[in-house]
Amino acid sequence: MRLLKTTLILLCLASTGLMAQKEGKQLLEEGQLLKAMESLGRAFMENPNDRENAYTLAKTLALMSEVDTAFYFLNIALQDNNELMPLADFNFYSLSTSPKWDGVVANQMEKYQRVHGRLQNPEYAKELLAIIMKDQSLDYYVDLAKVEFSKSGSVPHWFYPLTFLKGQFITNDNFSRMKTLIQQYGWPTYSMVGDLAADAPLLVINHHPDDQVRKDYLPMIKKACEDGEGSCLEYAKIQDRVLVNDGLPQIYGMQFRYNDKRELEPFPIESPEYVDQRRKAIGLEPLKDYLKRRINYDFTVRQKEQ
């Protein structure tokens, strides 16, 4: 009887912890950081071994600039993590200026290479991961603005200074740093810096306001994709953006626009009945699956093969 009672109590606590964790994630997505921190904190107290919850709590605290406390939970979250993604996670941008961040970077790099093999140029990889983080450091707030626009049809007033900051102090700085690194080390490949870090120039180039920059680098991006040493997904995004900006149909279906219902849809696609054939040639999933997952859009054009 006592064992049954204890088991029921533990099950109730676990259920409560999961509910608090789910609530915390939802509040984080809605921009309610203080309430998210409280819910995620309750979940942590009930299950301090939940690494995923500790990671989400660390993100929330970092967004609130609670740097020391964020490091505490991040170190717990990364105990069993041997990936490089945390080093590029824009939610941790406020932590990246602290001397403690160097220790996090060193530990993750060592764990990653121990499991996945040594990188040809780990120092280059660290620089590129920092570029990814900075490139996306305002994306949490940009995403909140998109949600607000889809609901009300108007852009929140606080979004406009963010776009200025992103252009002046992120895009320009990152592009300048990226050019210097490429001149020093060459175009980054998967073999050289790992899959994640190799995406850094693609993000910077795709986010640059000058379309000529994308046109200048497109041959290198395409070659890396064809050689299996770069992201074909990002190549497709950049190729389509160049076409759309020139007033031409896109060929992979990677660029979207808002329609009059304030819903996202793809820009016009060249010969849409053959788009999956083109996507398959560079290793991309069918457009129907991509659009449903990415923007909840139903692509219904029947596909053909030439």
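Residues numbered from 1 in each chain as written. Predicted model: local features only at pLDDT ≥ 70, side-chain atom pairs only at ≥ 80, totals over all residues. Heavy atoms only, no water.

Asks: Looking at this structure, I do not really get the packing of helix 5 (residues 99-116) against helix 6 (residues 122-135). What am I missing?
Replies: Between two packed helices, both the angle of their axes relative to each other and the distance between the axes serve to describe the pair. At a closest axis distance of 12 Å, the pairing of helix 5 and helix 6 adopts a crossing angle of 120°. The orientation of helix 5 relative to helix 6 falls into the category oblique. Between helix 5 and helix 6 lies a crossing whose hand is right-handed. Residue-level contacts link W101, V105, M109 and Q113 of helix 5 to P122, A125, K126, L129 and M133 of helix 6. Along the lines of polarity and charge, the residues of the contact of helix 5 with helix 6 split into 7 nonpolar, 1 polar and 1 charged. (Axes fitted to C-alpha atoms, helices over the stretch in contact; angles between N-to-C directions. Helix = DSSP H or I, 4+ residues; strand = E, 2+ residues; numbered from the N terminus. Parallel < 35°, antiparallel > 145°, perpendicular 65-115°, else oblique. Left-handed = near helix turned anticlockwise from the far one by under 90°. Contact = heavy atoms within 4.5 Å. Nonpolar A, V, L, I, M, F, W, Y, C, P; charged D, E, K, R; others polar.)

Asks: Hey, could you run me through the state of the cysteines in this one?
Replies: Every disulfide links exactly two cysteines, by a covalent bond between their sulfur atoms. The final tally for this structure, using the stated rule, is 1 disulfide. In this model C225 forms its disulfide with C232; the gap between the sulfur atoms is 2.1 Å. Between C225 and C232 the disulfide shows an S-S torsion of about 100°. By sign, it is right-handed. Its relative accessible area of 7% is what places C225 among the buried residues. (Disulfide = S-S within 2.5 Å. Buried < 20%, exposed > 50% of the residue type's maximum accessible area, 1.4 Å probe, protein only.)

Asks: Please explain a nonpolar patch on the surface as it appears in this structure.
Replies: Taken together, the side chains of F164, L165 and F169 present a nonpolar region at the surface, about 300 Å² in accessible area. Mapped onto the elements of the fold, F169 is located in helix 8 (residues 159-185). Judged by its relative accessible area of 47%, F169 is partly exposed. (Patch = residues over 30% accessible without salt bridge, like charges linked within 9 Å, V, L, I, M, F, W, Y side chains within 5 Å. Areas by Shrake-Rupley, 256 points an atom, 1.4 Å probe, with all protein chains shown as cover. Salt bridge = Lys/Arg side-chain N within 4 Å of Asp/Glu carboxyl O.)

Asks: Which parts of the structure should I look at to understand the nonpolar core?
Replies: One recurring pattern in soluble globular proteins: nonpolar side chains tend to sit buried together. Grouped together as the largest cluster of nonpolar side chains are 71 residues, with contacts concentrated most on L74, F92, W101 and Y217. Ranked by residue count, the leading element in this core is helix 6, at 7 residues. Apart from residues lying up to four places away in sequence, F92 is in contact with Y55, A58, K59, A62, L74, P86, W101 and M133. L28, A36, L63 and L144 belong to the second largest nonpolar core, which has 8 residues in total. (Core = buried A, V, L, I, M, F, W, Y, C linked by side-chain atoms within 4.5 Å.)

Asks: Honestly, the environment of G283 in this entry has me stumped. Any pointers?
Replies: Secondary-structure assignment places G283 in the loop between helix 14 (275-281) and helix 15 (287-295). Each C-alpha atom of the pair G283 and S231 lies 9.8 Å from the other, and the pair is 52 residues apart in sequence.

Purely geometric stuff here, so don't read any function into it on its own.
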